[in-house]
Amino acid sequence: NRWSQSFDIKEYDKSYNIIADMPGVIKKDVSINIDEDMLTIEGSRRVESDKEDKWYCREIQYGDFKRSFYLPENVNKDKITASLDNGVLQIEIQKIKPIKTKLKKINIT
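Since the structure is predicted, the reported quantities are computational estimates derived from the model, not experimental observations.

Cut-off values and rules
- Residues numbered from 1 in each chain as written.
- Predicted model: local features only at pLDDT ≥ 70, side-chain atom pairs only at ≥ 80, totals over all residues.
- Heavy atoms only, no water.
- Helix = DSSP H or I, 4+ residues; strand = E, 2+ residues; numbered from the N terminus.
- Rg over C-alpha atoms; globule rule 2.2 N^0.38 Å.
- Buried < 20%, exposed > 50% of the residue type's maximum accessible area, 1.4 Å probe, protein only.
- Areas by Shrake-Rupley, 256 points an atom, 1.4 Å probe, with all protein chains shown as cover.
- Lys, Arg positive; Asp, Glu negative; His and termini not counted.
- Charge placed at Lys NZ, Arg CZ, Asp CG, Glu CD.
- Salt bridge = Lys/Arg side-chain N within 4 Å of Asp/Glu carboxyl O.
- Pairing = 2+ DSSP bridges.
- Axes fitted to C-alpha atoms, helices over the stretch in contact; angles between N-to-C directions.

A look at the overall build of the protein
In step 1: The number of helices and strands found in the protein is zero helices and seven strands.
In step 2: Across the protein, helices and strands are ordered from the amino to the carboxyl terminus as β-β-β-β-β-β-β.
In step 3: What you see for the protein is a C-alpha radius of gyration of 21 Å, clearly larger than the 13 Å of a compact globule of 109 residues, by over 25%.
In step 4: In terms of overall dimensions, the protein has a C-alpha envelope of 90 × 25 × 20 Å along the principal axes.
In step 5: Of all 109 residues assigned to the protein, the portion counted as buried reaches 27%.
In step 6: As displayed, the protein has an accessible area near 9,200 Å², and 47% of this comes from carbon and sulfur atoms.
In step 7: Here the protein contributes 20 positive and 19 negative side-chain charges, whose respective centroids are spaced 9 Å apart.

Details of the pattern of salt bridges
In step 1: Taken as a whole and judged by the stated rule, the model has four salt bridges.
In step 2: When the shortest N-O distance is used, the salt bridge between Glu11 and Lys95 registers 2.6 Å. One end of the pair, Glu11, is in strand E1 (residues 7-11); the other, Lys95, is in strand E7 (residues 88-95), with 84 residues separating them in the sequence.
In step 3: Relative accessible area serves as the criterion here: at 53%, Glu11 is assigned to the exposed category.
In step 4: By relative accessible area, which is 18% here, Lys95 ends up buried.
In step 5: Salt-bridge contacts for Asp64 lead to Arg46; the nearest nitrogen and oxygen are separated by 3.0 Å. In this pair, Asp64 is assigned in strand E5 (residues 63-70) and Arg46 in the loop between strand E4 (38-45) and E5, connecting sequence segments 18 residues apart.

Topic: the sheet that holds E1
Pairing between the strands of a sheet comes from backbone hydrogen bonds, and it takes one of two forms, parallel or antiparallel.
In step 1: Pairing is antiparallel in the open sheet, where four strands are placed in the order E1-E2-E7-E6. Pairing within the sheet leaves two strands with one partner each, and these edge strands are E1 and strand E6 (75-85). In this sheet, adjacent strand axes meet at a mean angle of 15 degrees when their direction is disregarded.
In step 2: In terms of strand pairing, E1 meets strand E2 (residues 15-21) through five bridges, oriented antiparallel. What sits directly across from Glu11, in E2, is Tyr16.

With respect to the pairing of strand E3 (residues 30-35)
In step 1: Pairing of E3 with E4 involves six bridges; the strand directions are antiparallel. Residue pairing in the sheet places Ile34 in a bridge with Leu39 of E4.
In step 2: What sits between E3 and E4 in their antiparallel hairpin is a turn of two residues, with Glu36 showing a positive phi close to 60 degrees.

A few points about the sheet that holds E3
In step 1: In spatial order, the strands read E3-E4-E5; together these three strands make up an open sheet with antiparallel pairing. Whereas interior strands pair on both sides, the edge strands pair on one side only; in this sheet they are E3 and E5. Neighbour to neighbour, the strand axes of the sheet diverge by 15 degrees on average, direction disregarded.

Everything listed here is a matter of geometry and, on its own, says nothing about what the molecule does.
This is the structure:
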């Protein structure tokens, strides 16, 4: 059983921020990994129930989730932080400062 959560991605001067809506998900049930240029967020949200439960309406999604994002070239993969608080996952990905090169004139001989 899969469900998908909503994500927002914001860009700032020095970082990118990924914000995910994950109500009912706890830290131990989420993993964030980087493989090459791909950031993957996966985990699960479980419902506590027993055989005695009688559901009248059940619209909340439970189960496993997985979402991947390509990372741009200008990120520092060693400077990524994440927090999960009140059902909101926030990932901050620091940018690498662009290398400024001086214009060098090549003389033709």
